[in-house]
Amino acid sequence: MALGGIKRILVTGGAGFLGSHLCERLIAAGNEVICVDNCYTGTKTNIRRLLDNPLFEFVRHDVTFPLYIEVDEIYNLACPASPIHYQFDPVQTTKTSVHGAINMLGLAKRLKAKILQASTSEVYGDPSVHPQTEAYWGNVNPIGPRSCYDEGKRCAETLFFDYFRQLRLRIKVARIFNTYGPRMHPNDGRVVSNFIVQALKNEPITVFGDGSQTRSFCYVDDLIEGMWRLMESRDEITGPMNLGNPREFTIRELAETTIRLTGSSSRLLFKPLPQDDPRQRQPDISLAREQLQWEPKIPLEQGLTQTIEYFTAALGSSR
């Protein structure tokens, strides 16, 4: 299939936030990219600049149904990733993670293709180990409102490693921590997009709990570089591998930084913590540093500034 070093690469969820950036990165490297998305949370706006590129093809398809296509590599990113979206139809969320993984693994098996699963730091749940290493098994509620996503992704990882052990499939599993940047959905309920949109509108900034819970924020360009390096790594490097920024910030710090960078008149509005919301989230990226020579480069303020510029334009703000 690959001619003259050009690979044909399938990206499921390719019209989403991360997927669209990944498609651009792969095309920039000279690959042919087939973007598959049912546009449940992804949008053709995210891939508009690629639609006329001869190396790019868009296919509207739901990965819970089999896909018959010829490719060399598969990046499986298909799944709503924000609580608002994945809790809207939790049964479908679980199906997307589990049936989607089965269908993409079956495709990779038939084609003898290498396949990467975009997993998540949510597999660690509300962690009792800090920071989180890949050896930590997690502290996840299997029957809570977030379980459709958390347990769906955990099951997908199980499937990937069973295909690896049983069928010797070439797999990669990336555990992605909080990532932000241009093309985030303005109504996805994630903390960075929430804060920026509220600040640009001079609305109260909604902080759950007292704001002391922590997160680690990785700019999208850094994350995509890590995913690409993992896919390009030796076959024996399967993961799971943490990809994220180990620099830890409190939610309150993020809110105050956002207000300062936007010049907003917003004030903080405190609300009760949602059920099963993790108190701490920080990746140990020692494995990625060692095996991929990868670590994030873009500091939070620089990344936030670029993200604010995107949302300012997207919201039609006059700021």
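Residues numbered from 1 in each chain as written. Predicted model: local features only at pLDDT ≥ 70, side-chain atom pairs only at ≥ 80, totals over all residues. Heavy atoms only, no water.

**Remarks on the packing of helix α7 (residues 251-262) against helix α9 (residues 300-314)**
Point 1. Running from N to C, α7 and α9 cross one another at 55°; their axes reach a closest spacing of 10 Å. Considering their axes alone, α7 and α9 lie oblique with respect to each other. Considering how the two elements wind past one another, α7 and α9 form a crossing that is right-handed. Facing Leu254, Thr257, Thr258, Arg260, Leu261 and Thr262 of α7, the residues of α9 in contact are Leu300, Glu301, Leu304, Thr305 and Ile308.
Point 2. Tallied by class, residues from the contact of α7 with α9 come to five nonpolar, four polar and two charged. (Axes fitted to C-alpha atoms, helices over the stretch in contact; angles between N-to-C directions. Helix = DSSP H or I, 4+ residues; strand = E, 2+ residues; numbered from the N terminus. Parallel < 35°, antiparallel > 145°, perpendicular 65-115°, else oblique. Left-handed = near helix turned anticlockwise from the far one by under 90°. Contact = heavy atoms within 4.5 Å. Nonpolar A, V, L, I, M, F, W, Y, C, P; charged D, E, K, R; others polar.)

**A word on the pairing of strand β5 (residues 114-120)**
Remark: a regular strand shows side chains that alternate across the two faces of the sheet.
Point 1. Burial runs high along β5: seven of the seven residues are buried.
Point 2. Both faces of β5 are covered, namely the face carrying Lys114, Leu116, Ala118 and Thr120 and the face carrying Ile115, Gln117 and Ser119.
Point 3. Pairing geometry for strand β4 (residues 73-76) and β5, over four bridges, is parallel. The partner of Ile74 across the bridge, within β5, is Ile115.
Point 4. Inspection of the sheet shows β5 paired to strand β6 (residues 171-176) by six bridges, in the parallel sense. Paired with Ser119 across the strands is Arg175, a residue of β6.
Point 5. Regarding the hand of the β-α-β motif, the stretch spanning β5, helix α4 (residues 147-167) and β6 is right-handed. (Buried < 20%, exposed > 50% of the residue type's maximum accessible area, 1.4 Å probe, protein only. Pairing = 2+ DSSP bridges. Right-handed = clockwise from strand over helix to strand, strands pointing away.)

**Some points on the packing of aromatic side chains**
Point 1. Taken as a whole, this structure holds five aromatic pairs when the rule is applied.
Point 2. Ring plane angle 80° and centroid distance 6.4 Å describe the contact between Phe161 and Phe164, whose orientation is recorded as edge-to-face. Of this pair, Phe161 and Phe164 both sit in helix α4, three residues apart, roughly one helical turn.
Point 3. Residues Tyr180 and Tyr219 carry aromatic rings whose centres are separated by 5.5 Å and whose planes lie at 70° to one another, so their mutual orientation is edge-to-face. Residue Tyr180 is located in strand β7 (residues 179-180), and its partner Tyr219 is located in strand β10 (residues 218-219); the two are separated by 39 residues in the primary sequence. Both residues of the pair, Tyr180 and Tyr219, count as buried.
Point 4. Positioned above the aromatic ring of Trp228, the side-chain terminus of Arg25 is 4.4 Å from the ring centre. (Phe/Tyr/Trp six-rings, centres within 6.5 Å; stacked < 30°, edge-to-face > 60°. Lys NZ or Arg CZ within 6 Å of the ring centre and 35° of its normal.)

**Here we look at helix α3 (residues 90-111)**
Every α-helix winds through 3.6 residues per turn, so residues three or four apart in the chain are directed the same way.
Point 1. Compared with the 32 Å implied by 1.5 Å per residue over 22 residues, the 31 Å span of α3 between its first and last C-alpha is a close match.
Point 2. Its maximal kink placed at Thr96, α3 deviates by approximately 25°.
Point 3. Thr93, Thr96, Ser97, Val98, Gly100, Ala101, Asn103, Met104, Leu105, Leu107, Ala108 and Leu111 are the residues of α3 that are buried.
Point 4. In the core, the buried residues of α3 are packed alongside β1 (8-12), β4, α2 (83-88), β5 and α4.
Point 5. Looking one or two residues beyond α3, the residue adopting positive phi is Lys112, at roughly 55°. (Expected span 1.5 Å × (residues − 1). Bend = angle between axes of the 7 residues up to and from the residue.)

**As for the sheet that holds strand β2 (residues 32-37)**
Pairing between sheet strands relies on hydrogen bonds along the backbone, with the strands arranged either parallel or antiparallel.
Point 1. One open sheet holds the seven strands; their spatial order is β3-β2-β1-β4-β5-β6-β11, and the pairing between them is parallel. Either end of the sheet is taken by a strand with one partner, and the two such strands are β3 (56-60) and β11 (241-243). When strand polarity is set aside, the average angle formed by the axes of neighbouring strands in this sheet is 20°.
Point 2. For β1 and β2, the ladder comprises five bridges, and the chain directions are parallel.

**With respect to the side chain of Glu134**
Point 1. Mapped onto the secondary structure, Glu134 falls in the loop between β5 and α4.
Point 2. No salt bridge is formed by the buried Glu134; its nearest oppositely charged neighbour, Arg175, is found at 6.6 Å.
Point 3. Ignoring anything within four residues of it in the chain, the contact list for Glu134 reads Tyr124, Arg175, Pro240, Met241, Asn242, Asp284 and Leu287. (Lys, Arg positive; Asp, Glu negative; His and termini not counted. Salt bridge = Lys/Arg side-chain N within 4 Å of Asp/Glu carboxyl O.)

**Comments concerning the environment of Arg267**
Point 1. Note on placement: Arg267 falls in the loop between α7 and β13 (268-271).
Point 2. Taking C-alpha positions, Arg267 is 6.0 Å from Ile205, a pair spaced 62 residues apart along the chain.
Point 3. If we ignore the near neighbours within four places in the chain, the residues touching Arg267 are Pro204 and Ile205.

**Looking at the pattern of salt bridges**
Point 1. Per the stated rule, a full pass over the model turns up 19 salt bridges.
Point 2. Linking Lys7 and Glu73 is a salt bridge whose minimum nitrogen-to-oxygen distance equals 3.0 Å. Here Glu73 lies in strand β4 and Lys7 lies in the segment before β1, a separation of 66 residues in the sequence. Pair check on accessibility: Lys7 and Glu73 agree, each one buried.

Treat this as a map of the structure, not an account of what it does.
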